[in-house]
Amino acid sequence: MSEQSKVSANFSSLPVILLLGLVSLPLVLMYAYLLLDTVSNSEAGSLIPSEFTLEHWSFLWQMKPGKPNIWLVTLNTFIFASCITAVILIVSSMAGYVLSRLNLPARGFFLAGVMVLHAFPSVTLIIAIFIVLQYIGLYNSLVGVILVKSAIDLPLGIWLMKGFYDTVPWEIEMAGIVDGASRFAVWRRLVLPQIKPAIMALGLFSFLTGWSEFILPQVLAPGAHVQVLSVYLASLIADDNNFDFATFKAVGVFYVIPVLILYVFFQKHLMNIYGGGTKG
Amino acid sequence: MRILLDKFSKSFGATKVIEDMDLNVGSGEMLALLGPSGCGKSTTLFAICGIHRPTSGRILFGNRDVTSLSSQERNVGVVFQSYALYPHMTVAENIGFPLTVRRMTAAEINKRVAEIAALVHIDNLLDRKPSQLSGGQQQRVALARALIRRPDVLLLDEPLANLDAKLRLEMRSEIRRLQKETGITAILVTHDQVEAMSMCDRIAIMKAGEIVQIATPSEMYNDPRTAFVAGFLGNPPISFLTGRAKQGAFALDDGGLKLPLAALSGIPDGTALTLGIRPEHFGIGGDVPVEGKVTFAETQGRENLYDVVLPDGSALRSIQPARSDVKPGDSVRWSLDSKAALVFGEDGRRL
Ligand SMILES: Nc1ncnc2c1ncn2[C@@H]1O[C@H](COP(=O)(O)OP(=O)(O)OP(=O)(O)O)[C@@H](O)[C@H]1O
Ligand SMILES: [Mg+2]
């Protein structure tokens, strides 16, 4: 990574930077206005803000009528994303290993199955899932929607983990077994550390998809006590009576801040999952 | 501890790799498994350490039948061809790993690691990661890791393949010294015949999943049982002439060379034969003169190597003390040592 970010000598970087700057200018402007708008008021029809105000951020300390507490919603979102990450990491790191290494019966069937499930458009299942959750009493609960979301994301995680395990040399495991370690200890202490960058990447990836998930919580857990941020955000503009655009923007900014922070700190790890290499 | 393979067979699905192999390695002995690529050397080794289950047959350590024991219960030290060091652990953690999984105390592990590291001369590298070591150092770490829990059996799968010539020479004597010092029964897999001959008490030559011959290095060199064995041992390699039996002598098809051999009495005339002549038995000081043309000359410093083509097109190799009077293109009349010639029948068996 560090080598790539150094300016290479065989071409001038100035034109490239200029061009990129020009192309991304509209986006940057939009973000700038979004931020500006949340802390200011402007005259109708004018683009120039006329006064500074924090009233749009008042949702942080005031309950809006008919809306749940924002901090409860944030906590829900956090629990939702974290649990999904935990489930996906635990299950796919084990399942990926089994599919990559162990000689289990019907291995080809499982591999193909994972592939098909990954390609399957899960939204089509949503009515069936709704009925099932209703039936077993997990409708309108965080547990239910966590289970569903993890299950839908698992095939990708398993497939990715299998790919990373495939790159770990066999000899390391053989050496571990000959050294007297059990199969589980070999996995836990010798193989898992080799794919740590992949675990990091998948964990982050799962957290982010969990954080931004909208459809599943909207359909399966819309209740006030289990609402997540995306659903809360949508309810702001769905409400025709007190349509508050500025608050909607402020909540939106509030919603992406954690994502931005994660990206800033962990983008190196996240690149791993797309690069497919294990060189952290 | 003695290792015994009894009618050991191994197949992967439908491919039979090893069939009915019998092998006995004495206690404290070092045996070389020598053979061309793909003949089943690693497979045999992996069966002994328990990574592969034999398809049939038994494996015994001492008098204990270990055929159905898992690797973990066998107490075998293995040095893999690629060393297989654990990249995320330091050298000390690598070496101590077999003890860590046995739940020894940290103090005891440190003591044993320091001991074994001193034995293989890597005590100054204990805090490094494997990626910060040279090939030879990695190899010694692998060796230390294999030796630390005092295994009954030490298995080495081409441990020197990745080293340069000088380091290889050093490591050869070092491994042998360690093996003798610790008195461990060892099996060394290699396809380098020099390595096998210089390091081991006995050599087993394998071909296509079978042991062709098993003997001490000098026996094997002087008394090979088949043409394959004769061709495998020796550097520069032996050269072969094809011809027929004629009144108790070996004769080239064009009649250019006639070599009376005791081994050929009673062999009917016209039987197809192969004659093997080692390079050191052709040159000056033999008893049967041969005429030919030098096509290739190479000096190796102390000795010179020549290829001589006979009138019928077959070639003989000769190695002689360095001399400067023979050049490629010269016709020479050198002589063969008929007592040292090896003669093989059509099926490759020695007569
Ligand atoms: N897991 C496996 N499945 C199928 N065939 C295998 C397997 N492992 C080895 N073989 C086959 O068994 C034969 C012997 O392999 P082995 O690794 O023992 O060779 P080797 O003598 O160690 O060769 P080399 O000197 O190249 O290491 C080869 O033909 C190989 O293709
Ligand atoms: Mg091999």
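Worth saying up front: this structure is predicted, and the values here are computed from it rather than measured.

What follows is about the interface of chain A and chain B. At the junction of the two partners, chain A supplies 16 residues and chain B supplies 22 residues. Here chain A and chain B share an interface that buries about 1600 Å² over both sides, 66% of which is from carbon and sulfur atoms. Sorting the residues of chain A by area buried against chain B places Val178(A), Asp179(A) and Arg189(A) first, and these three jointly supply 39% of that buried surface. The interface formed by chain A and chain B contains two salt bridges. As a salt-bridge pair, Arg149(B) and Asp179(A) come within 3.5 Å of each other at their nearest N and O atoms. Of all the secondary-structure elements, those providing two or more residues to the side of chain A that touches chain B are α7 (170-178) and α8 (183-191) of chain A. The residue makeup of the side of chain A that touches chain B, split by class, is eight nonpolar, four polar and four charged.

The subject of this paragraph is the side chain of Gln193(B). Residue and element names in this part refer to chain B. By secondary structure assignment, the location of Gln193 is in helix α6 (residues 193-199). Overall, the relative accessible area of 11% leaves Gln193 in the buried class. For Gln193, the side chain forms a polar contact with the main-chain oxygen of Gly234, separated by 2.9 Å. Filtering out sequence-adjacent residues up to four positions away, Gln193 remains in contact with Leu34, Phe232, Leu233, Gly234 and Asn235.

With that settled, consider the packing of helix α3 (residues 70-101) of chain A against α8(A). All names here are of chain A. Where α3 meets α8, the closest approach of the two axes is 12 Å, and the angle between their N-to-C directions is 110°. What the angle tells us is that α3 and α8 run roughly perpendicular. Handedness of the crossing formed by α3 with α8: right-handed. Contacts between α3 and α8 pair Ser93, Met94, Tyr97 and Arg101 from the former with Arg183, Trp187 and Val191 from the latter. Among the residues forming the contact of α3 with α8, the class breakdown is four nonpolar, one polar and two charged.

Rules and cut-offs
- Residues numbered from 1 in each chain as written.
- Chains lettered and ligands numbered in written order.
- Predicted model: local features only at pLDDT ≥ 70, side-chain atom pairs only at ≥ 80, totals over all residues.
- Heavy atoms only, no water.
- Contact = heavy atoms within 4.5 Å.
- Buried area = accessible area lost by both parts, 1.4 Å probe.
- Salt bridge = Lys/Arg side-chain N within 4 Å of Asp/Glu carboxyl O.
- Helix = DSSP H or I, 4+ residues; strand = E, 2+ residues; numbered from the N terminus.
- Nonpolar A, V, L, I, M, F, W, Y, C, P; charged D, E, K, R; others polar.
- Buried < 20%, exposed > 50% of the residue type's maximum accessible area, 1.4 Å probe, protein only.
- Polar contact = N/O pair within 3.5 Å; in protein donor to acceptor, adjacent residues only side chain to side chain.
- Axes fitted to C-alpha atoms, helices over the stretch in contact; angles between N-to-C directions.
- Parallel < 35°, antiparallel > 145°, perpendicular 65-115°, else oblique.
- Left-handed = near helix turned anticlockwise from the far one by under 90°.

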